[in-house]
Amino acid sequence: MSTVISYTLKQCTRCNKCLKQCPTSALTVKDERIVIESKRCINCGACLDACVHQGMQAKGSTLADLENYDYTVALIPTAVFGDCETPAEAATLTAAIGKLGFDEVVELSSYDGALMNALEEVLASDTGSGPLIWGFCPVVHAWIKETYPALLDRVIPFVPVSELAAADVRKRLKAKYENIGIFHLCECVSKLAMAKYPYGGKRQWQVDHALSLTDLFPQISRLQNKCEANLSLCRKGLTQAGMNLFLSEFPQYDCTGADGLVKVQRALETMEFGQLKKSRFVYLSNCLGGCVGGNLLWGNPFDKQVKIRDLCRMTHGQSAQIEASELFEEPVYEKSPPVSMAQRLKEVAEINAQLEQLPGYDCGACGYPTCRSLAEDILKNKSSLDKCRLRRRRSA
Amino acid sequence: MRETYQVQKEDFANAGKVSSHIKTTLKQLGVEPALLRRIAIAVYEAEINMVIHSDGGAITMEIDEGSIRFTFADQGPGIADIEAAMQPGYSTANEAAREFGFGAGMGLPNIQRNSDSFDIQSSPAGTILNLSYEVNP
Ligand code: SF4
Ligand code: SF4
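Let us look at the structure shown here. (Residues numbered from 1 in each chain as written. Chains lettered and ligands numbered in written order. Predicted model: local features only at pLDDT ≥ 70, side-chain atom pairs only at ≥ 80, totals over all residues. Heavy atoms only, no water.)

**Structural notes on the environment of A:Ala88**
Residue and element names in this part refer to chain A. Of note, Ala 88 is situated in helix H3 (residues 87-98). Ala 88 gets classed as exposed once you look at its relative accessible area, which sits at 54%. Separated by 140 residues in sequence, Ala 88 and Glu 228 have C-alpha atoms that sit 8.6 Å apart. (Helix = DSSP H or I, 4+ residues; strand = E, 2+ residues; numbered from the N terminus. Buried < 20%, exposed > 50% of the residue type's maximum accessible area, 1.4 Å probe, protein only.)

**Topic: the sheet that holds strand E5 (residues 126-134) of chain B**
All names here are of chain B. Read from one edge to the other, the open sheet built from 5 strands follows the order E1-E2-E3-E5-E4, with strand pairing classed as antiparallel. A single partner strand is all that each edge strand has here, and the edge strands are strand E1 (2-7) and strand E4 (117-123). Averaged over all adjacent pairs, the angle separating strand axes in this sheet is 10 degrees, with direction ignored. Direction of pairing for E1 relative to strand E2 (residues 57-63): antiparallel, over a ladder of 6 bridges. Bridge pairing in E2 places Tyr 5 opposite Ile 59. Its contacts with the sheet put helix H2 (residues 33-53) on E1, E2, strand E3 (67-74) and E5, and the angle it makes with E3 is roughly 10 degrees. (Pairing = 2+ DSSP bridges. Axes fitted to C-alpha atoms, helices over the stretch in contact; angles between N-to-C directions. Contact = heavy atoms within 4.5 Å.)

**Digging into the nonpolar core**
The biggest cluster of nonpolar side chains holds 121 residues, and the ones touching the most others in it are A:Ile34, A:Phe81, A:Phe102 and A:Leu284. For this core, the two domains that each supply at least three residues are domain 1 (1-58) and domain 2 (63-327) of chain A. Beyond its immediate stretch of four places on either side in the chain, A:Phe102 contacts A:Leu63, A:Leu66, A:Thr72, A:Val73, A:Ala74, A:Ile97, A:Phe183, A:Leu185 and A:Leu211. One finds A:Leu345, B:Ile48, B:Phe72 and B:Val135 within the second-largest nonpolar core, a separate group that totals 43 residues. (Core = buried A, V, L, I, M, F, W, Y, C linked by side-chain atoms within 4.5 Å. Domains from an automatic or database assignment.)

Shown next as structure tokens:
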């Protein structure tokens, strides 16, 4: 995955908080500025939360892009309704989003519902070894791809819900408009990234722009009181947005859930050892409580899990009817060129030899998240041993 | 590359740490995912066995261009009936182990299934388990 995070401060105070939070060691400090190694970033947003000066920002498109199209459609993720107490509130929220300047709004719960129905069938017919993983969270998906590739074949290859909806919208409108703009309003950084840099697959991606919901929030909340609207949410689809609610939908499969990077990591490590033996399915989400806790949403994830459960009891919409063949797509991952074991052994031995020279505290004072990452850059001639402050102090 | 790690008897708090370290090393070496998965499962089960059933011992990993090999050598008390231990579900795990959630079986069949070559020798003086895997040079 490529990053949508950018560093916006002129000068860094070198607190190293972001370095310490990044799960994939994608950040380093060079010349008093944070450098992001785009390829490594899984867009989890941990560094955004870590920086007390708001130095890290996630950027999507802006509403100015609406002007480039004859007809514009907003796709609204189910997770935003975690903030609504009643269906009427959900309807006004949706209408307010429409008033931002879209010709049409499409909320995604019916498409989520279609995926939930399909999941039921996938679980019933699975005979593979180890639990299945629902890869709806792009952070989890990217992390598995980068760090736990042995588990990739257990990730259910569903097409992202925004893409299902966008394809449906295009099919419906293509005879009427030539230039349709589809805008995915995103509840999290990783969905911004997914729309901007879609991963894998051969499909023609259907979403044109990704917008950050936090950026739009002030405008939405101003419009919200002035709207009247009707909306029929799909109950089954809503359950997908909250972890506890989701798990309660599949009691017969001993599903396990893990939310937040720490727990997700523990679950993935356990699965890699083949030790998750009692569960047939795992729900993994970067955000607390599932997508209702999305890092571009407002409010707290704990109340929102309760609110969305209550909302589910009041909604009765149908799930979308989509051909099973359109719900799945095996992603195609680009393979790095093979390197011989002899060559790898040599490289790792060289890195380990460099590491011997370093204290191994991973203190971050050199600007690298770990001693190992400094050692790697030394070998690429991009850094040197004297960057290590502890070494300097010892030799002084 | 050759590395040796010590494993203490009934050290449940650290059970699995050697396997984690091995897994990390194999990832750094770019071992192909399907192979990595088999090794991870086998090594983990074997390490846990050592913690639960043995008086402690050592795990050695050796890697060269063509193969990855592991030796699990403990200091006893040995497996009385290896044939029985090779049956799925066989367990001699004691109370302490069960309290930690270990010990559904010795996992030997699972280890064998997840290795290219599997060899086990046991006497009261100790058990030696050898696993090896081929890698594409
Ligand atoms: S978004 Fe996550 S993975 Fe990317 S740089 Fe920030 S902390 Fe690291
Ligand atoms: S769990 Fe969070 S990061 Fe993952 S898809 Fe949901 S909102 Fe996005």
